[in-house]
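Architecture at a glance
In case you want the letters, here they are:
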Amino acid sequence: MPPGSSELPLHVQVLQLATAGWLAQAVSATAELEVADALAEGPRPLAELAAATDTHAPSLHRLLRAGADIGLFTEHDGQVFELTALGDALRADSPVSLRNFAIWTGLPAERHAWAGLADAVRTGHTAFPEVLGTSVWDYLHDHPDVLGVFDRAMTEASRQIISPVVAAYDFARFSTIIDAGGGRGALLAAVLASAPGARGILYDRPEVIASAGQPLRDAGVADRAQLVAGDFFESVPGDGDAVILSNIIHDWDDEQSRRILTNARAALADGGHVLLVEAVVPDRPRPSPTVSLMDLDMLVVAGGQQRTAGEFEVLLADSGLKLTRVVPGGHCSVIEAVRI
């Protein structure tokens, strides 16, 4: 039964919830060891899997058994394991892969930061620098191997939100679209593909822009896109009909968010729009804990927060912008704003 199932005794429900972190670590280890990739061609016996993943067979069996219990694998007679549809999402080449995201949640930095949650709630201070002695951004800069996992994890997560957002919102009415903090360009590529008359500017830090643009080339829209390096805390290049900030504002507190939004506002042409792509905290009753848990991760790791529509409205107004509508697009929504 799922954690918290009302059909279970209360103490069992609490036990399942309290040990859910163990489940997450099992999923992360499975992803790191590339078990799903080793099963991509079909069922395999334990000995073959251990050889393919360079693991200790008896210990791997214990991990696989736990994975089977949570639906990642099917265990057949003779210690033969088969990948399920759920487990398939841990394959590196799956179109819905979240393999690197699963690895990220199991890395020591993320786990240690979460151990500081209670203190973060007591003090209101972000846990990551309190536990690890530096901000998450400086930590990633100083640990390129961890940065690589984080970047791939964010790319995977973004891939899952792009199609619903582009399907839900009409970007074709804009002629110049600036994707500020747009990473490698996956969202801008999909947006420009949906808006054949538009040109785009991909804007991010110099070290990101240096290796960016492949999604634009893959989508055949690179000739309509310009790559610009800079810092959205300092400025955003203008004159845009639309400035997109996709999963940017949730990383920052209100003061820093206002700086970003004010710079985005300054980059708008007359009649332009600021478009935030964010997971909006829903009003009660909330259908799932996903967004509220993401909000806790912001408290623990980055120092930002997930916000309600009302909180976005206030934040935008403080930045000289007026919220005009919220367009649901799957897990994320497009929060549309114009100059006041």
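Conventions we followed
Residues numbered from 1 in each chain as written. Predicted model: local features only at pLDDT ≥ 70, side-chain atom pairs only at ≥ 80, totals over all residues. Heavy atoms only, no water. Helix = DSSP H or I, 4+ residues; strand = E, 2+ residues; numbered from the N terminus. Contact = heavy atoms within 4.5 Å. Buried < 20%, exposed > 50% of the residue type's maximum accessible area, 1.4 Å probe, protein only. Arc of directions from axis to C-beta. UniProt positions renumbered as here; feature names shortened; annotations may be inferred. Core = buried A, V, L, I, M, F, W, Y, C linked by side-chain atoms within 4.5 Å. Pairing = 2+ DSSP bridges. Right-handed = clockwise from strand over helix to strand, strands pointing away.

Of note, Ile103 is situated in helix α7 (residues 99-106). C-alpha of Ile103 to C-alpha of Ser59: the two residues are 44 residues apart in sequence and 19 Å apart in space. Excluding residues that lie within four positions of it along the chain, Ile103 makes contacts with Ser28, Ala31, Glu32 and Val149.

Before going further, it helps to spend a moment on helix α4 (residues 46-53). Inspection of α4 places Leu46, Leu49, Ala50 and Thr53 among the buried residues, and these make up the whole buried set. Around the axis of α4, the buried residues are gathered within 100° of arc, so they sit on the same side. In α4, the exposed positions angled more than 90 degrees off the buried face are occupied by Ala47 and Ala51. Asp54 sits one or two residues past α4 and shows a positive phi near 55°.

Taking the numbering used here, the UniProt-annotated feature "domain: O-methyltransferase dimerisation" (unreviewed entry) corresponds to residues 16-90. Across residues 16-90, the secondary structure splits into 60% helix and 13% strand, with the terminal C-alpha atoms separated by 23 Å.

Judged by nonpolar contacts, the single largest core of 34 residues is most densely connected at Leu49, Leu60, Leu64, Phe73, Leu90, Trp104 and Phe128. Element by element, the count of residues in this core is highest for helix α12 (residues 144-168), at four residues. Not counting chain neighbours up to four residues away, the residues in contact with Leu60 comprise Val35, Leu46, Leu49, Ala50, Thr53 and Thr55. Within the second largest apolar cluster, 31 residues are counted, among which are Val165, Phe174, Ala225 and Ala279.

This part covers the pairing of strand β8 (residues 268-278). Judged by how many residues are buried, β8 sits mostly within the fold: nine of 11 residues are covered. Pairing analysis gives six bridges linking strand β7 (residues 240-246) to β8, with the strands arranged parallel. Within β8, the position partnered with Ala242 by the bridge is His273. Assessed by its sense of winding, the connection that carries the chain from β7 through helix α16 (residues 254-266) to β8 is right-handed. Here six bridges tie β8 to strand β10 (residues 332-339), and the two strands are oriented antiparallel to one another. Along β10, the bridge assignment pairs Val274 with Ala337.

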